[in-house]
Amino acid sequence: MSKTVSTREFRKVDVDQYNEDNFQEDTDGNETQLQGPNETEVNNLIGSKNNVQALKAVVQNPVVGSRNTDTKLKAFRLVMRVLSVFKSSEIEAAVATLSASEVDLLMKYVYRGFSEQTTTTDNICPILLSWHEKLFAVGGLGSIVRVLTNRQTV
Amino acid sequence: MEEIHRFGYEPITCHAWNGDRSQLALSLNNNETIIYNKQGRGWERSQTLGEHSDRVTGIDWAPRTNRIVTCGADRNAYVWTQSTSDGRWRPALVLLRINRAATTVRWSPAENKFAIGSGARCVCICYYEPDNDWWVAKHIKKPIKSTVTSIDWHPNNTLIATGSSDFCIRIFSAFVKDIESKPDPTVWGAKMPFAQLMYEECERGSGWIHAVAFSPSGDRVAWSCHGSLIAVADRGGSHVYRITTQCLPFLSLLWATESALLAAGHDCKPILYQLSQSLIYKGSLDDTVNGDVSDESTTSAMKMFRQLDRRGSVNVSVLNASVSTHHQNSINQLAPFHRDGSNVSRVATAGSDGLIIIWNLNCLPNMMRNMEIH
């Protein structure tokens, strides 16, 4: 009979990581470069009612695919703030100024916004739905598929 | 005009045409392969090839040697030859030595070997060994890290492009020195020992690869990712053109000419892209707009409110349960039907709706009439 040991550490070992058949994803070493949008600049632009400029600023230096959840959370909150200052009539014009990759990026944030409904974000869903509609008109089904398949999440 | 052929209502998972397009082999999402013979304008069921014990995942028909190879999820592949006495197809088991399902199979251009992709993270290159009268397989394993989803041969009969669910496309050499002589150098490299990796490109953020295709000359390779992206590598990989599309992902790619790429997939219609300075969307081959089905000018008020209750919309076309394209479900495979030289002039598409539709590229819809396919 095997000897019972009093330690239980062996139960905490993650056996799956040692399985050879597992797909090992290549980790990128360039995480330090992803800083996210410039917070002060964006806040200034929102304060001075330059909504479209704020939108452009907030999609610069996207923190995509980074492991750093704090940076991503900060960037996410900033994007939500920028999206919520827009009036529904202004959204279409703002979307027209974006490039295709920026449209994809915003779509990712919109879906993240849908999934995170906390008490701090005061009912942002209607605004997100308007943004979703306008972004979909430009990006098409492809932009939504990219939100779902891209492993580098926002 | 398009020719529409129906083979039941089950999805056609894979199909292959014989050399003169008088016969068709297809599988309807089960473990059988059915051979159809053309009878006038319709099709007559000829033989059912039932050797597989699990779903048939790939069929290919070698046009000149008239052999069919099928591969299945039961980790086996069979090469079928038609006996001259009674015309029945007889199987020969291929020893693949894989421990996961086979996903795709393609005969090489010279039809002396074929390549099989599998979930065992390897590609099997199989050729016939006459001494023992069997088909043997050689494996290409490194550096593939996940299931191989699609394979295409280069016209020089030696290089293969593989697309895999580890998000990478790779070009390997499948040179088997027992059965062929050394190939000439290509844009992808000069030295081509077996399993040499000639080119690799990873689409880190774009989803797994659905399809790969070499252009007719072999100098370009195109691939399609699940992230609604298609890309073309040109000049030995020194230049990669990418386009993120607005469409749903494409499951199959086919080069019509050296610069015209056909893509078809979950959007249920074949779409044409042209490669010049970049990849440009040219439009769909499917020109039908049958959204407005019936002219309901006699809609009474009661009918309108009843529709509103039932469907949430007054629009009559919402009642129509069909899609406004010829195919009613995703297109699984694009196959060349007729060639003019090295250009494809007619294309066959097989879909998950049980239809095979043959499109004529020479009478394209109006929007593309001004485009020259050169």
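See the structure printed just above.
As the structure is a computational prediction, the values presented were derived from the model and not from experiment.

J.: Could you clarify how one ought to interpret the environment of B:Asn30 in this entry?
T.: All names here are of chain B. Mapped onto the fold, asparagine 30 is located in the loop between β3 (23-27) and β4 (33-39). A residue is classified by how much of its surface remains accessible, and asparagine 30, at 30% relative accessible area, is partly exposed. Between the C-alpha atoms of asparagine 30 and isoleucine 12, which are 18 residues apart in sequence, the distance is 9.5 Å. Other than its neighbours up to four places away in sequence, asparagine 30 contacts Arg55 and Val56. Among the polar contacts listed, one links the side chain of asparagine 30 to the backbone nitrogen of glutamate 32, at a separation of 3.1 Å.

J.: I keep staring at the interface of chain A and chain B and nothing clicks. Help me out?
T.: How big an interface is tends to be stated in terms of accessible area lost as the parts join. Chain A puts 19 residues into the contact, and the matching count from chain B is 19 residues. Of the roughly 1,500 Å² buried where chain A meets chain B, counting both sides, 49% is carbon and sulfur surface. Along the contact surface separating chain A from chain B lie zero salt bridges. Between the two partners, chain A and chain B, sit seven residue pairs in polar contact (both at pLDDT 80 or more).

J.: How should the sheet that holds strand β15 (residues 159-164) of chain B be read in this particular structure?
T.: Within a beta sheet, neighbouring strands are joined by backbone hydrogen bonds and run either parallel or antiparallel to one another. Residue and element names in this part refer to chain B. Across the sheet, which stays open at both edges, the four strands sit in the order β14-β15-β16-β17 with antiparallel pairing between neighbours. Unpaired on one side and paired on the other, β14 (148-153) and β17 (197-202) mark the two borders of the sheet. Averaged over all neighbouring strand pairs, the angle between strand axes comes to 15°, with direction disregarded. Relative to strand β16 (residues 168-173), β15 is paired through five bridges, and the arrangement is antiparallel. Note on β16: the bridge partner recorded for isoleucine 160 is phenylalanine 172.

Rules used in this analysis
Residues numbered from 1 in each chain as written. Chains lettered and ligands numbered in written order. Predicted model: local features only at pLDDT ≥ 70, side-chain atom pairs only at ≥ 80, totals over all residues. Heavy atoms only, no water. Helix = DSSP H or I, 4+ residues; strand = E, 2+ residues; numbered from the N terminus. Buried < 20%, exposed > 50% of the residue type's maximum accessible area, 1.4 Å probe, protein only. Contact = heavy atoms within 4.5 Å. Polar contact = N/O pair within 3.5 Å; in protein donor to acceptor, adjacent residues only side chain to side chain. Buried area = accessible area lost by both parts, 1.4 Å probe. Salt bridge = Lys/Arg side-chain N within 4 Å of Asp/Glu carboxyl O. Pairing = 2+ DSSP bridges. Axes fitted to C-alpha atoms, helices over the stretch in contact; angles between N-to-C directions.

Just distances and angles here, no functional claims.
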